[in-house]
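# Report on the structure
Here is what each chain is made of, one letter per residue.
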Amino acid sequence: MPLKRDDKNIDFLFNAILKLESIDECYDFFEDLCTVQELRTLSQRIVVAKMLSEKSVYTDIVNETGASTATISRVNRSLQYGCDGYDKIFRRLKGDEDV
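For clarity, every value in this text was computed on a predicted model and none was experimentally measured.

### A look at the overall build of the protein
Along the protein, the regular secondary structure elements total 6 helices and 0 strands. Taken from the N to the C terminus, the helices and strands of the protein come in the order α-α-α-α-α-α. The dimensions of the protein, computed from C-alpha atoms along their principal axes, are 35 × 35 × 30 Å. When the 99 residues of the protein are sorted by exposure, 13% land in the buried category. Partitioning the contacts of the protein with sequence separation of at least 6, the portion at a separation of at least 24 is 32%. Per element, the accessible surface of the protein, about 8200 Å² overall, is 54% carbon and sulfur. When the 14 positive and 18 negative side-chain charges of the protein are each reduced to one mean point, those points stand 9 Å apart.

As structure tokens, this is what we get:
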């Protein structure tokens, strides 16, 4: 189910994230906001998405990330049919590397 675009609580969260200015601030904020396991899960998903976008095979992704095949499939579905959020971020991150 897609997120409602007018959810005040989610808007508040996203606006707060957009105010972070450094990796250290991200660590502080997300450590306060999330459990260690939640952060590991989120970071695992973005790494899985990156590997899928680079055409890595499931066995390599499982071996490198420890993600389950169910998680990999879920992330792959987001890459194929989602809102292109991963792709936008990967393009911007690649742009940062080119600087």
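The discussion continues.
### Describing a nonpolar patch on the surface
Together, Ile46, Val47, Ile89 and Leu93 make up an exposed nonpolar region whose accessible area comes to about 290 Å². Looking at the nonpolar patch, the elements with two or more residues in it are α3 (36-53) and α6 (85-98). With respect to the helices and strands, leucine 93 occurs in helix α6.

### Brief notes about a positive patch on the surface
A grouping of Arg5, Lys88, Arg91 and Arg92 is seen on the molecular surface, where their side chains present a positively charged patch. As for its position among the elements, arginine 5 is in the segment before α1 (8-18). According to the relative accessible area criterion, arginine 5 is exposed, its value standing at 74%.

### What to know about the nonpolar core
Val48, Ala49, Met51, Leu52, Ile61, Ala67, Ile72, Val75, Leu79 and Phe90 form the largest nonpolar core, which has 10 residues in total. Elements with a minimum of two residues in this core: α3 and α5 (69-81). It is α3 that contributes the most residues to this core, 4 residues altogether. Leaving out residues up to four positions away in the same chain, phenylalanine 90 has contacts with Ile46, Ala49, Lys50 and Ser53.

### So, unusual backbone geometry
What you tend to see is this: most non-glycine residues have negative phi, and most peptide bonds are trans. Phi at lysine 55 takes a positive value of approximately 70 degrees, unusual for a residue other than glycine. If you trace the backbone, lysine 55 turns up in the loop between α3 and α4 (58-65). Positive phi is not limited to glycine here, since aspartate 84 has a value of about 65 degrees. Within the fold, aspartate 84 resides in the loop between α5 and α6.

### Re the packing of aromatic side chains
Within this structure, the stated rule accounts for 2 aromatic pairs. Residues phenylalanine 29 and phenylalanine 30 carry aromatic rings whose centres are separated by 5.4 Å and whose planes lie at 85 degrees to one another, so their mutual orientation is edge-to-face. A relative accessible area of 25% places phenylalanine 29 in the partly exposed class. Its guanidinium or amino end placed over the ring of phenylalanine 90, lysine 50 lies 5.2 Å from that ring's centre, counting from NZ or CZ.

Calculation notes
Residues numbered from 1 in each chain as written. Predicted model: local features only at pLDDT ≥ 70, side-chain atom pairs only at ≥ 80, totals over all residues. Heavy atoms only, no water. Helix = DSSP H or I, 4+ residues; strand = E, 2+ residues; numbered from the N terminus. Buried < 20%, exposed > 50% of the residue type's maximum accessible area, 1.4 Å probe, protein only. Contact = heavy atoms within 4.5 Å. Areas by Shrake-Rupley, 256 points an atom, 1.4 Å probe, with all protein chains shown as cover. Lys, Arg positive; Asp, Glu negative; His and termini not counted. Charge placed at Lys NZ, Arg CZ, Asp CG, Glu CD. Patch = residues over 30% accessible without salt bridge, like charges linked within 9 Å, V, L, I, M, F, W, Y side chains within 5 Å. Salt bridge = Lys/Arg side-chain N within 4 Å of Asp/Glu carboxyl O. Core = buried A, V, L, I, M, F, W, Y, C linked by side-chain atoms within 4.5 Å. Phe/Tyr/Trp six-rings, centres within 6.5 Å; stacked < 30°, edge-to-face > 60°. Lys NZ or Arg CZ within 6 Å of the ring centre and 35° of its normal.

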